[in-house]
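The primary structure of each chain is shown beneath.
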Amino acid sequence: MDWAALEAAHAQEPLPHGQDIVRLDGVPEDVRLRHAALLPEPGPDGLPGGAGLTRERARHGLGSHLHCAPTTQLDGPLRAGLLDGADLARLAAPAARLLAYLGAAARRTDALPEIAEARALLAGLVRTGLGTDPAAWHGVARRLTDLDPEWNPITTAEALLAAQQGCVGPGVTPPGRGRWQAVRSWGPARGVSRTSSPGYPNVRVGVMAYAAVRAAALSLVPGVERPLSPWGYQ
């Protein structure tokens, strides 16, 4: 198949069923990489084809796999060397699910070394991005609990804590917006709300993620004193 011609045709008029096309057997890896948002979410073993596809797909959302818990799903690629600690903070999305995972890891006795690396990065990001600024903390809380309609939740923890509103990172395409996807099909499936769709972490996850950020400030960052919660108490 002439994939270059097919992509050129799609650039002129979006092809329907792009997700199915990208997942066909025999699709070249470079094509899959360009349309990673349309690949299935990686499980504990990552995606077939190696670390490249898994890392690229991680930009478009992890932590909502239908067949395994987030801890199992995220531990697997770390253990296999497909992702590392820096990827959890600076590459993978959405921030809410990744931060909730990192926060829960503080209570685990079997947490991987890569998680400690990610938590240390998180501490630095909290210090430089939020510090003791109440407005910055309030903004992060609103975004994590889905109260900021202008914020795209398919965002890295690094971008979230840097308060780069609306930024999904360089080269990142939200799920469903790969070049194979028909424009009219963008958005949550019918009957699925913004907060219950796998791509949009729900409020409970957001609260857990905020707790992880707050814990980083309280226990890992000297000089940051008891940041306010989004609900006005410490």
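Treat the numbers as computed from the prediction; the structure is a model and nothing was measured.

1. Let's talk about the overall build of the chain
In step 1: A count of helices and strands for the chain gives eleven helices and zero strands.
In step 2: For the chain, buried positions account for 47% of its 234 residues.
In step 3: Looking at the chain alone, contacts between residues at least 24 apart form 60% of all its contacts between residues at least 6 apart.
In step 4: With an accessible surface of roughly 11600 Å², the chain has 54% of that area assigned to carbon and sulfur atoms.

2. What to know about the packing of helix 7 (residues 95-105) against helix 8 (residues 113-129)
In step 1: Between helix 7 and helix 8, the shortest axis-to-axis distance is 10 Å and the interhelical angle comes to 115 degrees. Classed by the angle they form, the pair helix 7 and helix 8 counts as roughly perpendicular. Once helix 7 is placed against helix 8, the crossing between them reads as left-handed. Touching Leu99, Tyr101, Leu102, Gly103 and Ala105 of helix 7 are Ile115, Ala118, Arg119 and Leu122, all from helix 8.
In step 2: Residues belonging to the contact of helix 7 with helix 8 are distributed by class as follows: seven nonpolar, one polar and one charged.

3. Regarding the environment of Asp148
In step 1: Examined against the element boundaries, Asp148 turns out to sit in the loop between helix 9 (134-144) and helix 10 (157-161).
In step 2: A polar contact is formed between the side chain of Asp148 and the backbone nitrogen of Glu150, at a distance of 3.0 Å.

What counts, and where the lines are drawn
- Residues numbered from 1 in each chain as written.
- Predicted model: local features only at pLDDT ≥ 70, side-chain atom pairs only at ≥ 80, totals over all residues.
- Heavy atoms only, no water.
- Helix = DSSP H or I, 4+ residues; strand = E, 2+ residues; numbered from the N terminus.
- Buried < 20%, exposed > 50% of the residue type's maximum accessible area, 1.4 Å probe, protein only.
- Contact = heavy atoms within 4.5 Å.
- Areas by Shrake-Rupley, 256 points an atom, 1.4 Å probe, with all protein chains shown as cover.
- Axes fitted to C-alpha atoms, helices over the stretch in contact; angles between N-to-C directions.
- Parallel < 35°, antiparallel > 145°, perpendicular 65-115°, else oblique.
- Left-handed = near helix turned anticlockwise from the far one by under 90°.
- Nonpolar A, V, L, I, M, F, W, Y, C, P; charged D, E, K, R; others polar.
- Polar contact = N/O pair within 3.5 Å; in protein donor to acceptor, adjacent residues only side chain to side chain.

Scope: geometric values only; no functional claims are made or implied.
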